[in-house]
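One letter stands for each residue in the lines below.
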Amino acid sequence: MRSMACVVASCALILCALQLMDGAKGQRQCSETDYYYEYTECDSTGSRWRVAIPQNPGSCTVLPDPVRGKECTFSCKAGEFLEMSAQDCIQCASGSYSLGSGVRFDQWDSMPAGFSSLATSQENGPRGDDRLTCNSSSWVPQGNYIESNRDECTVSLIYAVHLKKQGSVSFEYQYPDNNLVVEFFIQNDQCQEMDPSADTKWLKLTNHGDWATHTVNLKSGTNILYWRTGGVLMGTKGVKPILLKNVQIEGVAYTSECFRCKPGMFSHAPGSSTCVPCPWNTYSGHGASSCTPCNTTTHYAAEGSAVCKTKPPCSKRDYFQIHTACDPEGKTQVIHKWIEPKICLEGVTGAESLPPSGKREPCPPCNPGFYNNDTATCSPCPPGSYSDGKKPCKQCLAGTEPTLGYEYKWWNILPANMKTSCFNVGNSKCDSMNGWEVAGDHIQSGAGSSDNDYLILNIHIPGFKLPTSMSSHSPAEYGRITFEYETSCSADCELYFMMDVNRKSTTVVESWERTKPRQFYTHVMTKNASVSYTWAFQRTNQPADGRRYVHDVARIYSISVTNAMDGVSSGCSACALSTEPSSSGCVPCPPGHYIDALTSQCTECPHNTYLVSHATPGPDACKPCGPASKSDKDHSLCYSDCHFTHTEGNATLTYDFSLFGSVGSLMNGPSFTSKGTKYFHHFNISLCGGQRQFAVCTDNVTDLSITDSQREKGEGGNAVKTFICQSTIIPASGRGFHTALSSQSINLADTFLGVTVENTLEGIRARPELHPPSTKKVPDINFYYRSLEATSSCESGRSAVVTLRCNPEKGIKGDLAVPSQCPAGTCDGCTFHFLWESSGACPTCTQRDYHQIEGVCKGGQQDLLFVWTEPKLCIGGVTLPEKRTLPCESMELWVRFGAGLGAFTAVLLVSLTCYFWKKNKRLEHKYCRLVMSANKECEMQGADSCAMMEGENEGDMEDEVVYTKPSLLGKLKAIASKGNGENYEHMQLNSSHSKSLVWS
């Protein structure tokens, strides 16, 4: 279909040219200046036609007839162009250049034709106006280069090109900040990504100030090039932009003309494929074949200048001071020098003069490990000897060995293993002598050529060598670098400390912005490798041309590196001696052994202790592991074996956390930055086991070339392998990236401190108030960790607390969460808190966790059942006993005996109650009759009123009753003797005095 369209287009172009010729009959004949040549589109056979196109249609007649053109794959060599009249390649004239079949973009004063910048709308933010926050973000031309946006918005630089044949694209770039994500990919005219699995999609980090080259092959046809950037800013620091320059594309259509050199560049010889910059104090315009000198008396021009600039009066910004090297008399002095090349004028109004040199003073002493034999230089001590820098070298005594390393605290000259340089952001390398300058008791940043230069100081360590006694160990620390620094700035300066391991890629270890007081910083080397440590100081990261902040300075007072393979010795340390009588040399100790100072022999560390590699040899070098932790067989670290025991009162709880698995993961969020960028925090946690079960976090942004298996093992250049680590995840959706991005991997915990139910351990406090309260009776278990890596915000390193909570409603893996008040896992940035709820966090089941239930006795048999106590707060351990059936005859006999005894007792009580009730009724009747006989006025009631019982003789009641009023004691006695037939009262019956009642 496409080939048919090309044929139709070619035919249309030819017919159009013929019609123009026919329609112009009667007009003047066209000359060579009235038309130009173009090729038609290639047809399906790979052929095309050369046709003449009038400059002004209808102004002339008789155009040349179409002729067959060169084959579609034809192109000229670099430095040549295709002359269309003869269809031959001709060399470019001086002052111009050609790539043959390519095009180069090396001038960025404005956006070149065909390039565009497009910001991706932020539609996934928490606020409705987020899509408007990136409208002003774009790539910005800066003259010699183009600079990406300085915020976290996703912005694409786009260029479309149509290639006649397979070609390539190459460009130079600076990419110093791993907080910035840079993606380069190519799409076809159908918006389909070409070769999406290529490892060339992600750019590699570069050193600060270094330019790297990136090249990608292109296919014939339409290629749309994308440079896409984005970042995640969670702090106050801004992102360092990526810089692009010298974009060159090969495989484009023929070049029918040469390109003129841009101002400040020239090409001297014909047939040039490139233009070169004019040297200092010269300039050039467009299409220059040579450069014009400036009047250096009053003017100057930087390299690659289009004009000469007037020299200003000299000021304090134009000179710097240095310490001279020691002379043969051991003297040095401070002198001032003009910054080269000199661009200022002396002797004019307002000009500063160069200050006089200082007095000659004694040179500072040599650094430890070096000596001075009355000469002007310091030399390293011979192998096996040591020196403090002030005295001659001495040999180590028997039973000791030199401690290798570097300790620089005096700066008369730059040490041999250190280098200094200066990199200009927009151009090439600036004057190396203006990088860092020695200044006696410190080394400080130089002037540079402009304020945004990177001033580089580098020290290379080929590897680390442990002391002989420790050489067979695999410690957590192979060496450490410690330096004392300060910065004094009025602008937005920044000091970077970087590390390049095995010459793979440079990563920023730590950085400090603006003014910082004098302080120390230490970085621990956890693996033995070749490493380059770099300090880079930049006065401002804004585009700058000149030196406004030359007095903003960074100073380093001392640098110390331990166990350096090529180091010198400032002292001796004890070593283990061989047991062979004829041998007096030091021998390595087995892993986990320290040197006994009394016997000079290797002694193994006690059980559950670990050996501190940088500690003084002796028993104190073995540190005990924390509660519920144990050391590995090499005594290199402590870890949890997934078992824990807690005794509370008379109950002992045992735990087995091995069911959790090797590593737990948590991705919390989403969170949003100020620009609306969505990101997640991804945590990996290893509760149990040693190094073999460490958690691994990797960056896939700058290291996509490694395989998934390598990434899981932590073999990537930016991999973090430890107990707890964290990565920042940028989802693919909403940002335009083609895959989820993992970056900013950090180590949260590389040292295991112990397990306890207490809320504090070694200064680290668990904060249960951050987690939801527990409703279970089982206590929470706290795992405590610490990181040895100090940061600018966490001087003591980071720490972490993982709280395990028994929750039978959760599965074995459970749920891992961070406090709701601290969505990033930390409230202060240094201590991280995690809550892991799981049934696997419940104690092991014992006999206390179940009880028995007795069934009903049926047919002389009874079932005995066992059930778990609810809620069940245990896992594993003992199992429920099987149901048992027992005989129950003896139990029925006692039940019958008890029932009979109860019935007999009830009958007896009823009988006694009836008996006493009847006796009481009789007494009541007699008493009533006595009262009636004594009271004349009492009207006699019926028989029932006196409670006369059936069968009683009423005549008997007519006798006269003589009643004697009894006392209270008498009444009680009468009641007590009622059952014995005794009278309750003393009465005298007198028949001669009937109806007469006498009270006594």
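The structure under discussion appears in the preceding block.
Residues numbered from 1 in each chain as written. Predicted model: local features only at pLDDT ≥ 70, side-chain atom pairs only at ≥ 80, totals over all residues. Heavy atoms only, no water.

## A word on a nonpolar patch on the surface
Worth spelling out the cut-off: Surface patches are defined over residues having more than 30% relative accessible area and no salt bridge, joining like charges when they lie within 9 Å and nonpolar side chains (Val, Leu, Ile, Met, Phe, Trp, Tyr) when within 5 Å. All accessible-area figures derive from a Shrake-Rupley calculation using a 1.4 Å probe, and residue coverage is judged against the displayed protein chains alone. The salt bridge criterion pairs a side-chain nitrogen of Lys or Arg with a carboxyl oxygen of Asp or Glu, the two atoms within 4 Å. Helical segments are the DSSP runs of H or I of at least four residues, strand segments are the runs of E of at least two, and each set is numbered from the N terminus. The rule is simple: take the accessible area with a 1.4 Å probe, protein chains only, and divide by the maximum for that residue type; under 20% is buried, over 50% is exposed, in between is partly exposed.
Taken together, the side chains of F904, L908, L912, Y915 and F916 make up a nonpolar region of the molecular surface, amounting to roughly 550 Å² of accessible area. Among the secondary structure elements, F904 is positioned in helix α3 (residues 889-934). The class of F904 is exposed, set by a relative accessible area of 55%.

## What about the sheet that holds strand β1 (residues 35-39)?
Stated formally: Being paired, for any two strands, means DSSP has found at least two bridges between them.
Spatially, β1-β2-β3 is the arrangement adopted by the three strands of the open sheet, whose pairing is antiparallel. Two strands bound the open sheet, and with one partner strand each, they are β1 and β3 (67-68). Judged from the five bridges that link them, β1 and strand β2 (residues 49-54) form a sheet pairing that is antiparallel. If you follow Y36 over to β2, its bridge partner there is I53.

## Some details on the nonpolar core
Operational definition: Take the buried residues of types Ala, Val, Leu, Ile, Met, Phe, Trp, Tyr and Cys, join any two whose side-chain atoms come within 4.5 Å, and each joined set is a nonpolar core.
Within the largest apolar cluster, 46 residues are counted, with the highest numbers of intra-cluster contacts made by W436, I461, Y533, W535 and I559. Counting 37 residues, the second largest nonpolar core, distinct from the first, contains L653, I685, F723 and A749.

## Things to note about the packing of aromatic side chains
Inclusion rule: By convention, a stacked pair of Phe, Tyr or Trp rings (six-membered ring in the case of Trp) has centres within 6.5 Å and planes under 30 degrees apart, an edge-to-face pair has planes over 60 apart, and any other such pair is tilted. Charges are assigned to positions over rings by a cutoff of 6 Å between ring centre and Lys NZ or Arg CZ, combined with an angular limit of 35 degrees from the ring normal.
Taken as a whole and assessed by the stated rule, the structure comprises 39 aromatic pairs. Judged by centre distance (4.8 Å) and plane angle (70 degrees), the ring pair of F694 and F723 falls under edge-to-face. Placement of the pair is F694 in the loop between β56 (678-685) and β57 (695-697) and F723 in the loop between β58 (720-722) and β59 (724-730), with a sequence separation of 29 residues. A residue is classified by how much of its surface remains accessible, and F694, at 15% relative accessible area, is buried. The exposure class assigned to F723 is buried, which follows from its relative accessible area of 1%. Sitting above the plane of the W211 ring, K245 keeps its charged end 4.2 Å from the centroid. Seen from the ring of Y557, R518 lies directly overhead, with NZ or CZ sitting 3.6 Å from the centre.

## Topic: the sheet that holds β56
Test applied: In this description, a line fitted to the C-alpha atoms serves as the axis of each element, helices being fitted only across the stretch in contact, and the angle between N-to-C directions of two axes falls anywhere from 0 to 180 degrees.
The sheet built from four strands is open, its strands ordered β55-β56-β59-β60 with antiparallel pairing. Bordering the open sheet on either side are β55 (664-672) and β60 (741-749), each of which pairs with just one other strand. Strand-to-strand, the axes of this sheet are offset by a mean angle of 20 degrees, without reference to chain direction. Taken together, the six bridges between β56 and β59 define a ladder with antiparallel strand orientation. The residue bridging H682 from the neighbouring strand is S727, located in β59.

## Notes on the state of the cysteines
So the rule is basically this: For the purposes of this analysis, a disulfide is any pair of cysteine sulfur atoms at a distance within 2.5 Å.
Taken as a whole and assessed by the stated rule, the structure comprises 22 disulfides. Note on cysteine connectivity: C366 is disulfide-linked to C378, with sulfurs 2.0 Å apart. Every disulfide takes its handedness from the sign of the S-S torsion; for C366 and C378 that torsion is -85 degrees, giving left-handed. Of this pair, C366 sits in the loop between β27 (361-362) and β28 (370-371) while C378 sits in the loop between β28 and β29 (379-380), and the two are 12 residues apart along the sequence. On the accessibility criterion, C378 (34% relative accessible area) is partly exposed. For C625, the disulfide goes to C638, at an S-S distance of 1.8 Å.

## Quick look at the side chain of K311
To keep things clear, this is the line we draw: Polar contacts, as used here, are pairs of N or O atoms within 3.5 Å; protein pairs need one atom able to donate a hydrogen and one able to accept it. Residues neighboring in sequence count only if both atoms are side-chain atoms. Note on contacts: a residue pair qualifies if any of its non-hydrogen atoms lie within 4.5 Å across the two residues.
Locating K311 in the fold gives a position in the loop between β23 (309-310) and β24 (319-323). Of the residues examined, K311 reaches a relative accessible area of 14% and is grouped as buried. Looking at K311, its side chain comes within polar contact range of the main-chain oxygen of T296, at 2.7 Å. The contact partners of K311, leaving out residues within four places of it in the chain, are T296, T297, T298, H299, Y300, K342, I343, C344 and L345.

## Overview of unusual backbone geometry
The residue after E870, namely P871, is reached through a cis peptide bond having omega -5 degrees. In this structure, P871 sits in the loop between β69 (861-868) and β70 (884-887). Backbone geometry at N563 places phi at a positive 60 degrees, although glycine is not the residue there. Mapping N563 onto the fold places it in the loop between β43 (553-562) and β44 (568-574).

## Concerning the pattern of salt bridges
Under the criterion given, the structure shown has 13 salt bridges. Where R150 meets E147, a salt bridge forms, and the shortest distance between an N and an O atom there is 3.1 Å. Judged by its relative accessible area of 22%, R150 falls in the partly exposed class. For the salt bridge of E762 with R786, the shortest nitrogen-to-oxygen distance reads 3.8 Å. Linking E762 in the loop between β62 (760-761) and β63 (764-765) with R786 in strand β64 (residues 781-786), this pair joins segments that are 24 residues apart in sequence. Among the residues examined, R786 registers a relative accessible area of 25% and is labelled partly exposed. Residues joined in a network through salt bridges with shared partners are D327, E329 and R360.

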